[in-house]
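So you can see what is in the structure, the chains are spelled out below.
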Amino acid sequence: MTSQAGAVSATTSEQITETVLKAVGETPNPRTRQIVEALIRHAHAFAREVRLQPEESLYAADFLKRCGDVSNASRHEFILLADVLGLTMVVDTLAADAPDGALEPSVLGPFYRAGAPIEPNGADIARGGEADGEPAHVFGRALDPGGHPIVGAELDVWGTNANGLYENVDPSQPDYNLRGRFHTDADGRFEFWTVKPVSYPIPVDGPVGELLAATNRSNMRPAHLHVIASADGYRTIVTELYTDDDQYLDRDAVFGVKGSLVAHYEWITDAQQVARSPRRRPYWELRRDLVLTPGTRTGIQFTAGREEQAR
């Protein structure tokens, strides 16, 4: 039935979908058109499948608004939301297409901070001293798929202290604590000191916490060291190296664990090795080579920082 002016007065949900798709049909950029059209089709189909109610739609809108409200320069709730829904890992895995043995991606996480200091190989990024946790020596080589060294590759690394806190959400830690960037030498080697990672809970004081509670899920993440590996002529890989003795490996709240990323730390007590170490006490050691995939080097656009955060 139509009005005298010819406007549609009664429409099915399927007709609404077709009308909306026609409205975006002349989107100039082909990729934008593909994404927007797919979003419309799947969102409308989702609403029909669950018979989404108006009050539920309004709740979802408020949920997303509150994700924005709780986000700041040190915490990105939308990234955390994508992580706990597994969306981040789906996107990263689809984009990876890494050859056998190459470094695989994992989640960036909501606490990345750009601009970490460039340090010489062998430097200690535990700027808070012994209070940061158990010392760990990390070293290895950046290699191409043929086993040849990659000179000048950059490793942007970061982690939490023994309390499971990143420095940009913990005012008690020194600036850029447990963060640093290292470049491989002529043999592709890298080396640094940090602390052995610990498992920790992701924040539950925001909307993502409500989602976890509603779905009866744990908010724990297994111990891991964040790494962004990049080099000219190679794909930039955002990943995490997971500690093999952690109890949460099989129930990561953000689904980031892959078998190839599980790493083993050795406990070093040999007197001569301990005497040569900067900590002068027993420490953990991780030897890990990183095989990069040829491709295009890209930058990381998410730049959470601490300098903008109100203390």
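Before reading further, recall that the structure is shown in the block above.
Let me sum up the structure you'll find in this document. (Residues numbered from 1 in each chain as written. Predicted model: local features only at pLDDT ≥ 70, side-chain atom pairs only at ≥ 80, totals over all residues. Heavy atoms only, no water.)

## Section: the pairing of strand β7 (residues 224–231)
Stage number 1. For β7, the buried fraction is high: eight of the eight residues fall into the buried class.
Stage number 2. Burial along β7 is two-sided: the face carrying His224, His226, Ile228 and Ser230 and the face carrying Leu225, Val227, Ala229 and Ala231 are both buried.
Stage number 3. Where β7 lies against strand β8 (residues 234–243), seven bridges are found, and the strand directions are antiparallel. Paired with histidine 224 across the bridge in β8 is tyrosine 242.
Stage number 4. Following β7, the chain reverses through two residues before pairing antiparallel with β8; glycine 233 in that reversal takes a positive phi of roughly 90°. (Buried < 20%, exposed > 50% of the residue type's maximum accessible area, 1.4 Å probe, protein only. Helix = DSSP H or I, 4+ residues; strand = E, 2+ residues; numbered from the N terminus. Pairing = 2+ DSSP bridges.)

## Observations concerning the layout of surface pockets
Stage number 1. As a volume, the largest pocket reaches approximately 420 Å³.
Stage number 2. For the lining of the largest pocket, the secondary structure elements donating two or more residues are α4 (77–84), α5 (87–96) and β8.
Stage number 3. In terms of residue count, the dominant contributor to the lining of the largest pocket is α5 (five residues).
Stage number 4. Tallied by class, residues from the lining of the largest pocket come to eleven nonpolar, six polar and three charged. (1 Å grid on protein atoms, 1.4 Å probe; cavity = no way out; pocket = protein on both sides within 12 Å on 5 of 7 lines; lining within 4 Å. Points joined across faces, edges and corners; volume = space filled by probe spheres on them. Nonpolar A, V, L, I, M, F, W, Y, C, P; charged D, E, K, R; others polar.)

## What to know about the environment of leucine 64
Stage number 1. Among the secondary structure elements, leucine 64 is positioned in helix α3 (residues 54–70).
Stage number 2. By relative accessible area, leucine 64 is classed as partly exposed at 42%.
Stage number 3. Excluding residues within four positions of it along the chain, leucine 64 makes contact with Phe78 and Leu81. (Contact = heavy atoms within 4.5 Å.)

## What about the side chain of arginine 179?
Stage number 1. Residue placement: arginine 179 occurs in strand β3 (residues 179–183).
Stage number 2. Residue classification places arginine 179 among the buried positions, given a relative accessible area of 1%.
Stage number 3. Side-chain polar atoms of arginine 179 contact the backbone oxygen of phenylalanine 111, separated by 3.0 Å.
Stage number 4. Polar contacts involving the side chain of arginine 179 include one to the side chain of asparagine 168, which spans 3.0 Å. (Polar contact = N/O pair within 3.5 Å; in protein donor to acceptor, adjacent residues only side chain to side chain.)

## Section: the pattern of salt bridges
Stage number 1. The final tally for this structure, using the stated rule, is 19 salt bridges.
Stage number 2. In this structure, arginine 127 engages glutamate 119 in a salt bridge whose closest nitrogen and oxygen atoms are separated by 2.9 Å. (Salt bridge = Lys/Arg side-chain N within 4 Å of Asp/Glu carboxyl O.)

## Some words on the sheet that holds β8
Stage number 1. With respect to topology, five strands assemble into an open sheet ordered β3-β2-β7-β8-β9, the strand pairing being mixed. Here the strands that pair on one side only, and so sit at the sheet edges, are β3 and β9 (262–263).
Stage number 2. Pairing analysis gives five bridges linking strand β2 (residues 154–158) to β3, with the strands arranged antiparallel. Looking across to β3, one finds that tryptophan 158 is bridged to arginine 179.

## Some points on the packing of α4 against helix α6 (residues 207–214)
Helix packing geometry: the angle between the two helix axes and the distance between the axes.
Stage number 1. Running from N to C, α4 and α6 point in directions that differ by 20°, and their axes come no closer than 9 Å. Overall, the two elements α4 and α6 adopt an arrangement that is roughly parallel. Where α4 approaches α6, its residues Glu77, Leu80, Leu81 and Val84 are matched on the opposing element by Pro207, Val208, Leu211 and Leu212. (Axes fitted to C-alpha atoms, helices over the stretch in contact; angles between N-to-C directions. Parallel < 35°, antiparallel > 145°, perpendicular 65-115°, else oblique.)

## Let's talk about empty space enclosed by the protein
Stage number 1. Taken as a whole and judged by the stated rule, the model has two cavities of 30 Å³ or more.
Stage number 2. What the largest cavity holds in volume is close to 70 Å³.
Stage number 3. Taken together, 14 residues form the lining of the largest cavity, with Asp83, Gly109, Pro110, Tyr200 and Arg221 sitting closest to its centre.
Stage number 4. Of the residues in the lining of the largest cavity, the class split is ten nonpolar, two polar and two charged.

## Structural notes on the environment of valine 195
Stage number 1. Within the secondary structure, valine 195 sits in strand β4 (residues 189–195).
Stage number 2. Judged by relative accessible area, valine 195 falls into the buried class, the value being 3%.
Stage number 3. With 21 residues separating them along the chain, valine 195 and proline 174 place their C-alpha atoms 15 Å apart.
Stage number 4. When sequence neighbours within four positions are dropped, the list of residues in contact with valine 195 reads Ala126, Asp132, Gly133, Glu134, Pro135, Ala136, Thr160, Leu178 and Arg279.

## Quick word on the side chain of histidine 224
Stage number 1. Its location among the elements puts histidine 224 in strand β7.
Stage number 2. In terms of polar contacts, histidine 224 uses its side chain to reach the side chain of tyrosine 166, at 3.3 Å.
Stage number 3. A polar atom in the side chain of histidine 224 sits 3.3 Å from the side chain of tyrosine 200.
Stage number 4. Beyond its immediate sequence surroundings of up to four residues, histidine 224 is in contact with Tyr166, Pro197, Tyr200, Glu240, Leu241, Tyr242 and Thr243.

## Quick word on α6
Stage number 1. Of all the residues in α6, the buried ones are Pro207, Val208, Gly209 and Leu212.
Stage number 2. Its buried side turned inward, α6 meets α3 and α4.
Stage number 3. Just downstream of α6 lies asparagine 216, where phi reads positive at about 55°.

## Things to note about the packing of α3 against α6
Stage number 1. Taken N-terminus to C-terminus, the directions of α3 and α6 make an angle of 130°; their axes are 8 Å apart at the nearest point. Between α3 and α6, the crossing angle belongs to the class labelled oblique. The segment α3 lies against α6, with Tyr59, Phe63, Arg66, Cys67 and Val70 engaging Pro207, Val208, Glu210 and Leu211.

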